[in-house]
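# Close look at the chain arrangement
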Amino acid sequence: MEKYRLRISYKIGDECFSSNSDETEHYSISAYAKANHITLNFNAKQELEITDFSVIVPHFFSSQDRIFANGFQSWTDCREMFPDEVPQHANALEQLVFSKTMLGASGTYSFGKSSARKGEFTGYSYLYVRNGSTYNLFASLSERSGYTLITADYGTNTVTFRKDVDGVKINGDYEILDAVHFVGAEDEVFDKWFAAMGVAKPKAKLMNGYTTWYNYYSKINEDIVSNDLEALSAVDADVDIFQIDDGFQTGVGDWLSTIEKKFPSGMKAQADKIHSKNMLAGLWLAPLGAKVKSVVAAEHPDWLIRYPNGKPVQCGPNWGGFYSLDIEIPEVREYIKSFFDVILNDWGFDLVKLDFLYCCAMIPYHNKSRGQLMCEAMDFLRECVGDKYILGCGVPLMPAFGKVDYCRIGADMDLIWYKPTFNHREFISTVHTLGNSIFRRQLNGRAFLNDTDVFLLRDNNIYLTFEQREIIVTVNKLFGSVIFTSDNVDKYKERQTELLLKTFSKDDIKILSAAFRAEERSVIDIDYILNGEEKHFAFDIKRGKIK
C-alpha cells in the first residue's frame with residue numbers, strides 16, 4: 001500500500017480546513033508504508049478536530065469478484081456481494097428514519113458513511129475481495145483510535161480507509177491508521193491478519209446447549225427452567241450449558257433484583273439446579289444498559305452517558321427505552337463489578353451472555369472516539385468476568401476480538417423465514433443471520449468461537465416449515481461453535497430427537513468453500529469435510545428451500 005492518496009478535513013475552533021498533504025502548518029503525518037502494511041501517525045501542532053480522514057489506494061476489480069464488507073456489530077446484515085449489486089439497506093427513507101429515531105440506535109445510521117451506488121460497499125474493521133479462491137483482505141490492526149471504515153468501489157477501482165474520530169480534539173501525537181492488505185488463500189490471509197494483531201486463538205471449546213429466549217422470551221419462570229432442564233438432561237446428548245435469558249430481573253440495570261414471583265427460590269438455586277445436571281449455568285445480562293424506568297437510572301441520573309446538551313443518550317426502544325452507564329465514572333465501574341461478583345461468585349454462574357454492548361459507545365465523549373470507548377469497555381468487562389466465560393452479543397466485532405470467549409455474529413433468529421418489512425440492518429431476521437453465519441466464518445476459532453444463534457426443531461410456536469428448520473440446523477452445525485436450541489425437547493417426535501442428537505454430536509468439520517451461485521444468486525453452495533468425508537449442501541436463502 002505504498003501508493004496511496006490522503007484526504008483530510010479538519011477544523012480549528014469554528015474554522016474549517018482541508019488538505020491532501022501529509023504536512024501543513026497545523027499538522028504533520030509520519031507514514032510507514034510497505035506493500036502490505038501502512039501506519040500513519042498524526043501530529044497536531046495545535047488543538048484541532050478531524051472531520052474527515054481517508055487514505056485511498058488503487059485496486060483493480062474484476063466482474064468475477066465477490067466483495068464482503070464486514071457489518072458494524074454482531075447483528076448487522078453482511079454477506080458476499082456481487083459487483084453489480086447495491087449495498088444492503090441503501091434506501092434513502094430508511095437511512096433518514098433510522099438516523100433520526102431510536103429505531104436505528106444499534107447501527108451506524110447517525111454517523112456511518114453509506115452509499116446507494118452500485119458496486120460501492122463499506123465495511124467496518126475488515127473487508128475482502130474474493131476472486132475464486134484468492135482473497136484480497138483489507139483490514140485494520142487497531143480500532144483504539146477510532147473505528148476503521150473500509151470502502152471497496154468497483155466503479156473507481158479504489159479501496160478507501162477512513163477513521164471515525166468524530167468529537168476527538170487532538171493536540172500532539174495520535175495514531176490515525178494502522179492497516180494491512182494481504183493476498184492469498186482464505187486461511188492464509190486471515191491467519192496473517194490475526195498474527196499481525198497479536199490475537200491468540202481462543203481456548204474455549206465448542207459448546208452445545210439451551211437458552212430460554214426463543215420460546216418464552218422474557219416470560220420465563222422457575223417452573224419453565226426446571227421443566228426444560230429436566231427434559232434436556234434426559235436426552236442422551238452431549239449438552240454443555242443451560243442458559244437463562246432476559247426476564248429474571250425486575251429491570252435492565254437492576255441485575256440483583258430478581259422478580260420473586262417468577263423465581264421464588266432465587267438465582268443461586270437455579271445455577272445449583274443446572275449444575276446438578278452436570279451442565280454449566282449461563283445467565284443473560286445487558287451490563288452497560290439501564291432501562292428508562294430502572295432503579296439505577298432513577299437513583300443515579302449522573303451515571304448516564306449524556307449528549308453535550310445534557311440529555312441522556314437513548315440507546316434503543318427495547319424495554320420501553322434504555323440508557324447506557326458511563327464506565328468512565330469510578331462509581332459506575334464499582335457498581336458493575338459488584339453485580340458481576342454476586343452473579344459469578346455468589347450465585348455461581350459459569351458464563352454470562354453480555355448483550356447490547358454497543359450502547360456504551362454510541363457517541364464520542366470524554367474526548368474519546370467511539371472505537372476507543374468500545375475497546376476500553378471490552379477490556380473492562382473482561383476484567384470484571386475474570387476467567388469465567390463471556391458470550392458477547394450486540395457488540396462491534398473487532399473490539400471483542402480476544403476479549404470474549406464466544407460471540408454472536410448475526411442477527412437474532414426469527415420464528416418465520418423472511419419478513420419483507422421496513423427494518424434496519426440489525427433487526428431480527430432468519431435470512432440475515434444465516435448469511436452472517438456463513439460469511440463471517442473466518443472469525444470462528446480466531447477472534448472467538450462463533451455463536452450462530454439457535455436452531456429450533458419444535459412444531460409449536462413457530463412459523464417455519466420443517467425443511468427451513470433443517471436448513472437452519474445444518475448451517476448452525478457447519479458454521480457454529482455455540483449450538484443452542486430453545487425447545488422443550490420433551491415434546492419432540494422421534495425425527496426431531498434424532499436430528500437433535502446428530503446436531504449435538506461433536507464432529508470434525510472443515511469448510512472448503514461457501515458461495516452464492518453466479519447463475520442463481522439466491523442459492524448458496526457449501527462444500528465441506530465431515531469426519532473425513534467430503535460433503536455438499538446447497539439451499540436457496542431467499543425461498544428457504546434445500547437444493
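Since we're looking at a predicted model, the values are computed, not measured. (Residues numbered from 1 in each chain as written. Predicted model: local features only at pLDDT ≥ 70, side-chain atom pairs only at ≥ 80, totals over all residues. Heavy atoms only, no water.)

As a further point, take the environment of K163. By the secondary structure assignment, K163 is in strand 11 (residues 158-164). Separated by 47 residues in the primary sequence, K163 and A116 have C-alpha atoms spaced 20 Å apart. Ignoring anything within four residues of it in the chain, the contact list for K163 reads F53, S142, E143, S145, G146, Y147, T148, I176 and L177. Of note is the side chain of K163, whose polar atom sits 3.4 Å from the backbone oxygen of S142. For K163, the side chain forms a polar contact with the main-chain oxygen of G146, separated by 2.7 Å. (Helix = DSSP H or I, 4+ residues; strand = E, 2+ residues; numbered from the N terminus. Contact = heavy atoms within 4.5 Å. Polar contact = N/O pair within 3.5 Å; in protein donor to acceptor, adjacent residues only side chain to side chain.)

Its location among the elements puts C315 in the loop between helix 6 (295-299) and strand 17 (322-324). In this structure C315 comes out as buried when scored by relative accessible area, which is 0%. Distance from C315 to V295, taken between C-alpha atoms, is 17 Å for residues 20 residues apart in sequence. (Buried < 20%, exposed > 50% of the residue type's maximum accessible area, 1.4 Å probe, protein only.)

What follows covers the side chain of S74. Relative to the helices and strands, S74 is located in the loop between strand 5 (66-69) and strand 6 (80-81). Among the residues examined, S74 registers a relative accessible area of 0% and is labelled buried. Within the structure, the side chain of S74 is placed 3.2 Å from the backbone nitrogen of G394, a separation counted as a polar contact. One polar contact links the side chain of S74 to the main-chain carbonyl oxygen of R408, over a distance of 3.1 Å.

Turning our attention to the side chain of D178. Looking at the secondary structure, you find D178 in strand 12 (residues 169-184). Of the side chains with opposite charge, K163 comes closest to the buried, unpaired D178, at an N-O distance of 8.9 Å. Of the polar contacts made by the side chain of D178, one reaches the side chain of H37; its length is 2.7 Å. Ignoring sequence-local partners within four residues, the contact set of D178 consists of H37, I38, T39, A139, S140, L141 and S142. (Lys, Arg positive; Asp, Glu negative; His and termini not counted. Salt bridge = Lys/Arg side-chain N within 4 Å of Asp/Glu carboxyl O.)

Moving on to the nonpolar core. For soluble globular proteins, the rule of thumb is that nonpolar side chains tend to be buried together. Among the nonpolar cores identified, the biggest contains 151 residues, and W193, I336, F340, F401, F448, I526 and F539 are the most heavily contacted of them. Ranked by residue count, the leading element in this core is helix 8 (residues 370-385), at eight residues. Here W193 is in contact with S125, Y126, L137, A139, S140, L141, V180, F182, M398, F401 and L443, once residues within four sequence places are set aside. Counting residues in each nonpolar core, the second largest holds 34 residues, with A44, A69, V159 and F161 among its members. (Core = buried A, V, L, I, M, F, W, Y, C linked by side-chain atoms within 4.5 Å.)

If the charged atoms of two oppositely charged side chains come close together, the side chains can form a pair. In the structure shown here, the tally under the stated rule is 37 salt bridges. Salt-bridge contacts for E143 lead to K163; the nearest nitrogen and oxygen are separated by 3.8 Å. Of this pair, E143 sits in the loop between strand 9 (134-140) and strand 10 (147-153) while K163 sits in strand 11; the two residues are 20 residues apart in sequence, bridging distant segments of the chain. We classify K163 as buried; its relative accessible area is 7%. Between D405 and R382 there is a salt bridge, with its nearest N and O atoms 3.1 Å apart. Highlighted residues: D405 in the loop between helix 9 (397-400) and strand 20 (406-408) and R382 in helix 8, separated in sequence by 23 residues. A single burial state applies to D405 and to R382, both of which are buried. Each of D187, D191, R446 and K510 takes part in salt bridges that share partners, so that together they form one network.

All right, on to the packing of aromatic side chains then. For any pair of aromatic rings, the description rests on two quantities: the centre-to-centre distance and the angle between the ring planes. Enumeration according to the criterion identifies 39 aromatic pairs in this entry. Between F98 and Y109, the aromatic rings sit 5.5 Å apart at their centres with planes inclined by 55°, giving tilted as the arrangement. A residue pair is termed long-range when its members are at least 10 positions apart, and F98 in helix 1 (residues 92-100) and Y109 in the loop between helix 1 and strand 7 (120-124) qualify at 11 residues. You'll find F98 and Y109 in the same group, each marked buried. Judged by centre distance (5.5 Å) and plane angle (50°), the rings of W303 and Y335 are tilted. Taken as a pair, W303 in the loop between helix 6 and strand 17 and Y335 in helix 7 (residues 330-346) lie far apart in primary sequence, 32 residues in all. (Phe/Tyr/Trp six-rings, centres within 6.5 Å; stacked < 30°, edge-to-face > 60°.)

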